[in-house]
Amino acid sequence: MAIIGEIIKRVIDVSGLIDFGSDPTTSQRKVLLQLIDSAKNTAFGKKYNFEDILLSDNIIDRFQKEVPFHDYDKMFKEWWHYLLEGHQNVTWPGGQRYFALSSGTTSHSKYIPVTDDMLDAIRKSGMQQIMSLKNFELPGEFFEKQILMLGSSTKLQEKNNHLEGEISGISAANIPSWFKRYYKPGSKIAALHNWDDKVRKIAKEAPKWDIGSITGIPSWTELMLKEVVRYNKLDTIHDIWPNLEVYTSGGVAFDPYRKSFDKLLARPIIYIDTYLASEGYLATQKRPDTSFMELIVDNGMFFEFVPFTDENIDENGAVKQGVQALTLADVKENTNYILLISTVAGAWRYMIGDTVMVTDKEKAAIKITGRTKHYLNVVGEQLSIHQMNAAIAAIAKKYHLEIKEFTVSAFVKGEEYLNKWFIGSDKIIDEIDELTQYLDQYLRSHNKNYDVARTKALKNIEVELIPIEHFYKWSAATKKLGGQVKIPRVLKEDDFIDFEQFIRKIS
């Protein structure tokens, strides 16, 4: 038994048992007060009367009345573009050293401010995740093993007196010095921009490492693990990293990848979900007996929830001004909400783009149910990502398929609307017509709006199975590989047509 590892484990056990005496509701009030007080002398704080809000009897109510909702476009157009131009004290005190370039599912990069206070908050949230490991019954040796963090390049691009890159690269570039002894792939490999070069270097260096845990987006982590196994002529990843105990996922739902991950392992490991976005570290899974994550309610982020209904969002998928937003104290469990955040990076009542359900108010536990702009509702289908994922899981089970990626769009073919699905499968089957009918019937039986749409404007659906690798080839050709890149689940018609044309070329 490793003595140092046991000491670290005992410290975590003791620290993790400390009761800080605040429930999520109390913590959230305190966070909002701190946010408003810190930003009261910024241009944003002066415009929206933060000084007066601080004097109110009900600060939350006054804050919600004074400050409008923002999506990225509104925030950037009205405020954040000044930061890119070098102005200070715009939406948060001071200037701006870092911008996270969002490379999710939108067609253009977004410049998200990452303040020093946000970096501190991310580090503290990381420590909360480490402290929660006491709940997972890990051996003492685990706490001496190395951590492989697979993300975008830590070699940030300098531009107009600021640095920019993806949030995973910015975070890794700012890891504390004490953590470097545990950190892999190390600074040289982590700085590489080319994904294929990075994976080859990792595969080559892998025998020298003693990895206990891995973090990264599932799709790219799986590709990396497969290359390590292939390059080193292994049967499983445990042949080279026998002490691998934990995989920490983030960015997308992990369930579609679970079976393929299991095939790369000699024995089960612990899977932990996290919610780290370009805008901050929002939530982490703290317990082994649930797949739900718990919002980090006491660390520089105030959460609001808008019921996810047609009446509350406009045609562009943004929250309509004036609709009711709820705090954590007022939400109903197991109801779909649009998530809004106000943060130490100077985002205010900001629509991050995700929809969530609160599964346990007392623990501030949530599950991500989808994306507001990945909500298919062209002719009244009202299909959420949550429902799509469930339908895809049902298909995979019935037809014994491994499905990790898919995308769908609604468009006019001839004079009729249809939904077209491209589904990434580990094998191509002959029963495609039967599968299509099964998908259609599943959606009709689980979504009354979709069922009504199928009797009216939505005349048909089409499904095409393609190799999973086609999605990654498209990602490489149109965006880049690795890092925080995700495959979009819903595409606009023009983007979908471009995607289909690319698939035809490589098929």
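Since the model is a prediction, treat every value here as computed from it, not as a measurement. (Residues numbered from 1 in each chain as written. Predicted model: local features only at pLDDT ≥ 70, side-chain atom pairs only at ≥ 80, totals over all residues. Heavy atoms only, no water.)

1. Quick look at the nonpolar core
- In this structure, Phe 305 and Trp 348 are the most contacted members of the largest nonpolar core, which totals 64 residues.
- For this core, the element with the highest residue contribution is helix α6 (residues 72-84), accounting for 6 residues.
- Not counting chain neighbours up to four residues away, the residues in contact with Phe 305 comprise Leu 295, Gln 324, Ala 325, Leu 326, Thr 327, Leu 328, Val 331, Tyr 337, Ile 338, Leu 339, Val 356 and Val 358.
- Counting residues in hydrophobic clusters, the runner-up holds 32 residues, among them Met 224, Val 229, Leu 244 and Leu 264. (Core = buried A, V, L, I, M, F, W, Y, C linked by side-chain atoms within 4.5 Å. Buried < 20%, exposed > 50% of the residue type's maximum accessible area, 1.4 Å probe, protein only. Helix = DSSP H or I, 4+ residues; strand = E, 2+ residues; numbered from the N terminus. Contact = heavy atoms within 4.5 Å.)

2. Section: the packing of aromatic side chains
- The tally for this structure, following the rule as stated, stands at 30 aromatic pairs.
- Aromatic pair Trp 195 and Trp 220: ring centres 5.7 Å apart, planes at 65 degrees, arrangement edge-to-face. Pair noted here: Trp 195 is in helix α10 (residues 195-205) and Trp 220 is in helix α11 (residues 218-231), with a separation of 25 residues, a long-range link.
- For Trp 195, a relative accessible area of 8% gives the class buried. (Phe/Tyr/Trp six-rings, centres within 6.5 Å; stacked < 30°, edge-to-face > 60°.)

3. Observations regarding the pattern of salt bridges
- This model, assessed by the stated rule, comprises 27 salt bridges.
- Residue Glu 227 pairs with Arg 230 through a salt bridge whose shortest N-O separation is 2.8 Å. Taken together, the residues Glu 227 and Arg 230, both in helix α11 and 3 residues apart, mark about one turn of the helix.
- Classification of Glu 227 by relative accessible area gives buried; the value is 17%.
- When the shortest N-O distance is used, the salt bridge between Glu 500 and Arg 504 registers 2.8 Å. Pair noted here: Glu 500 and Arg 504 are both in helix α17 (residues 493-506), with a separation of 4 residues, about one helical turn.
- For Arg 504, a relative accessible area of 40% gives the class partly exposed.
- Connected through salt bridges with shared partners, the residues Lys 413, Lys 420, Glu 462, Glu 464, Glu 500 and Arg 504 form a single ionic network. (Salt bridge = Lys/Arg side-chain N within 4 Å of Asp/Glu carboxyl O.)

4. Side note on the sheet that holds strand β16 (residues 403-413)
- Overall, mixed pairing links the 3 strands, which are arranged β16-β17-β18 in an open sheet. With partners counted over all chains shown, the strands left at the sheet margins are β16 and β18 (458-467), one partner each. In this sheet, adjacent strand axes meet at a mean angle of 20 degrees when their direction is disregarded.
- For strand β17 (residues 416-425) and β18, the ladder comprises 9 bridges, and the chain directions are parallel. Each residue of the ladder has a partner; that of Trp 421, found in β18, is Val 463.
- On top of the sheet, helix α16 (residues 468-478) reaches β16, β17 and β18; it is set at about 90 degrees to β18, its chief contact. (Pairing = 2+ DSSP bridges. Axes fitted to C-alpha atoms, helices over the stretch in contact; angles between N-to-C directions.)

5. Overview of the side chain of Asn 419
- Topologically, Asn 419 is positioned in strand β17.
- In this structure Asn 419 touches Leu 376, Glu 381, Leu 383, Val 408, Ser 409, Ala 410, Tyr 450, Leu 458, Asn 460, Ile 461 and Glu 462, once residues within four positions along its chain are discounted.

6. Thoughts on the packing of helix α13 (residues 385-399) against helix α14 (residues 432-446)
- Between α13 and α14, the least distance of the axes is 10 Å, while the angle of their chain directions is 140 degrees. Between α13 and α14, the angle falls in the class oblique. Every pair of crossing elements has a handedness; the one defined by α13 and α14 is right-handed. For the pair α13 and α14, contact is made by Gln 387, Ala 390, Ala 391, Ala 394, Ile 395, Lys 398 and Tyr 399 and by Glu 434, Leu 435, Tyr 438, Leu 439, Tyr 442, Leu 443 and His 446, respectively.
- For the contact of α13 with α14, the residue count by class is 10 nonpolar, 2 polar and 2 charged. (Parallel < 35°, antiparallel > 145°, perpendicular 65-115°, else oblique. Left-handed = near helix turned anticlockwise from the far one by under 90°. Nonpolar A, V, L, I, M, F, W, Y, C, P; charged D, E, K, R; others polar.)

7. Comments concerning α10
- Three or more residues of α10 are buried, namely Trp 195, Lys 198, Val 199, Ile 202 and Ala 203. Projection of α10 onto a plane perpendicular to its axis shows the buried side chains occupying an angular sector of 130 degrees, all on one side.
- In the core, the buried residues of α10 are packed alongside α9 (187-190) and α11.
- For α10, the N-terminal cap is Asn 194; the gap from its side-chain oxygen to the backbone nitrogen of Asp 196 is 3.1 Å. (Arc of directions from axis to C-beta. Polar contact = N/O pair within 3.5 Å; in protein donor to acceptor, adjacent residues only side chain to side chain.)

8. A few points about the environment of Gly 169
- The residue Gly 169 is located in helix α8 (residues 167-173) in this model.
- Given the relative accessible area of 0%, Gly 169 is considered buried.
- Distance in space between the C-alpha atoms of Gly 169 and Val 306 is 31 Å, their sequence separation being 137 residues.
- Not counting residues within four places of it along the chain, the set of residues in contact with Gly 169 comprises Ser 152, Ser 153, Thr 154 and Leu 156.

9. Some remarks on the confidence of the model for the chain
- Averaged over all residues, the pLDDT of the chain is 87; the fraction at 70 or higher stands at 92%.
- Under a pLDDT of 50 for its full length, residues 1-9 has, in the predicted model, 15 contacts with residues more than four places off or in other chains.
- Scored below 50 in pLDDT, residues 14-21 makes 4 contacts in the model with residues more than four places away or belonging to other chains. (pLDDT = per-residue confidence, 0-100.)

10. So, a negative patch on the surface
- A cluster of acidic residues, Glu 493, Asp 494, Asp 495 and Asp 498, forms a negative patch on the protein surface.
- Locating Glu 493 in the fold gives a position in helix α17.
- Accessibility expressed as a relative area gives 34% for Glu 493, which makes it partly exposed. (Patch = residues over 30% accessible without salt bridge, like charges linked within 9 Å, V, L, I, M, F, W, Y side chains within 5 Å. Areas by Shrake-Rupley, 256 points an atom, 1.4 Å probe, with all protein chains shown as cover. Lys, Arg positive; Asp, Glu negative; His and termini not counted. Charge placed at Lys NZ, Arg CZ, Asp CG, Glu CD.)

11. What to know about the pairing of β16
- In terms of burial, β16 is a largely internal element, 9 of the 11 residues being buried.
- Of the pairings in the sheet, the one linking β16 to β17 comprises 10 bridges and is antiparallel in character. Across the sheet, residue Phe 406 finds its bridge partner in β17, namely Ile 423.
- Connecting β16 to the next strand, β17, in antiparallel fashion are 2 residues, including Gly 414 with a positive phi near 70 degrees.

12. Structural notes on the side chain of Gln 129
- Locating Gln 129 in the fold gives a position in helix α7 (residues 116-132).
- Leaving out residues up to four positions away in the same chain, Gln 129 has contacts with Thr 248, Thr 274, Tyr 281 and Thr 284.

13. Some points on a nonpolar patch on the surface
- A cluster of nonpolar side chains, Val 378, Val 412 and Tyr 417, forms an exposed patch at the surface whose accessible area comes to about 220 Å².
- Within the secondary structure layout, Val 378 lies in the loop between β15 (365-371) and α13.

14. Here's the deal with α16
- Residues of α16 that are buried include every one of Ile 468, His 470, Phe 471, Tyr 472, Trp 474 and Ser 475, and no others.
- On its buried side, α16 packs onto α11, β16, β17, β18 and α17.

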